[in-house]
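Single-letter residue listing:
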Amino acid sequence: TVDALVTDVSSVAADFLFSGKPFAVVDVGEPEDDPLQEYPMMRAGYLLRPRLGDPTPVLADMLRHDPMAQVRQQLRTYYLGDFPVEHYAEAFLDQVRATVAEGAARRQLA
């Protein structure tokens, strides 16, 4: 298992959001860019901007105190739903089954 993740701006962070564990996102964009406007899900993580300074304090805060835990939980619920962890896979499969059945029913009507 892992305690935290460091990733780039990609779907890896969204997948990791399910774990509830902290993650940091390395932003290599221009200093004047605001990646949180383009990627609002990144508000759940810790933004590392190497061009603007040493990331060590941000990573230390993430690992020791995790002040973003509540924001991460809110965004996890927003993006992934409010399912108990032990029932998340079944909720996903139920939705897939319903979507497939709906598609099959539409094809029969056409």
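All values reported here derive from a predicted model rather than from experimental measurement.

Asks: Just checking my understanding: could you explain the confidence of the model for the chain for this structure?
Replies: Any residue range with low pLDDT should be treated as having predicted coordinates unsuitable for detailed reading. Looking at the chain, pLDDT values average 88 and 100% of them are 70 or higher. When pLDDT is averaged over each element of the chain, helix α3 (residues 56-64) comes out on top at 95 and helix α2 (residues 35-38) at the bottom at 80.

Asks: Would you mind showing me how to read unusual backbone geometry here?
Replies: Leaving glycine out, the prevailing phi sign among residues is negative, and the prevailing peptide bond configuration is trans. One non-glycine residue, Asp66, lies in the positive phi region at around 50°. Here Asp66 shows up in the loop between α3 and α4 (69-80).

Asks: Before we go on, may I ask you to explain the pattern of salt bridges in this structure?
Replies: Opposite charge on two side chains permits pairing when their charged atoms draw close. Counted under the stated rule, the structure contains five salt bridges. Arg49 is the partner of Asp27 in a salt bridge, and the nearest nitrogen-oxygen pair spans 2.9 Å. A residue pair is termed long-range when its members are at least 10 positions apart, and Asp27 in the loop between β2 (23-26) and α2 and Arg49 in the loop between β3 (46-48) and α3 qualify at 22 residues. The exposure class of Asp27 is buried, given its relative accessible area of 8%. A salt bridge links Glu90 to Arg97, with the shortest nitrogen-to-oxygen separation between them at 3.1 Å.

The rules behind each value
- Residues numbered from 1 in each chain as written.
- Predicted model: local features only at pLDDT ≥ 70, side-chain atom pairs only at ≥ 80, totals over all residues.
- Heavy atoms only, no water.
- pLDDT = per-residue confidence, 0-100.
- Helix = DSSP H or I, 4+ residues; strand = E, 2+ residues; numbered from the N terminus.
- Salt bridge = Lys/Arg side-chain N within 4 Å of Asp/Glu carboxyl O.
- Buried < 20%, exposed > 50% of the residue type's maximum accessible area, 1.4 Å probe, protein only.

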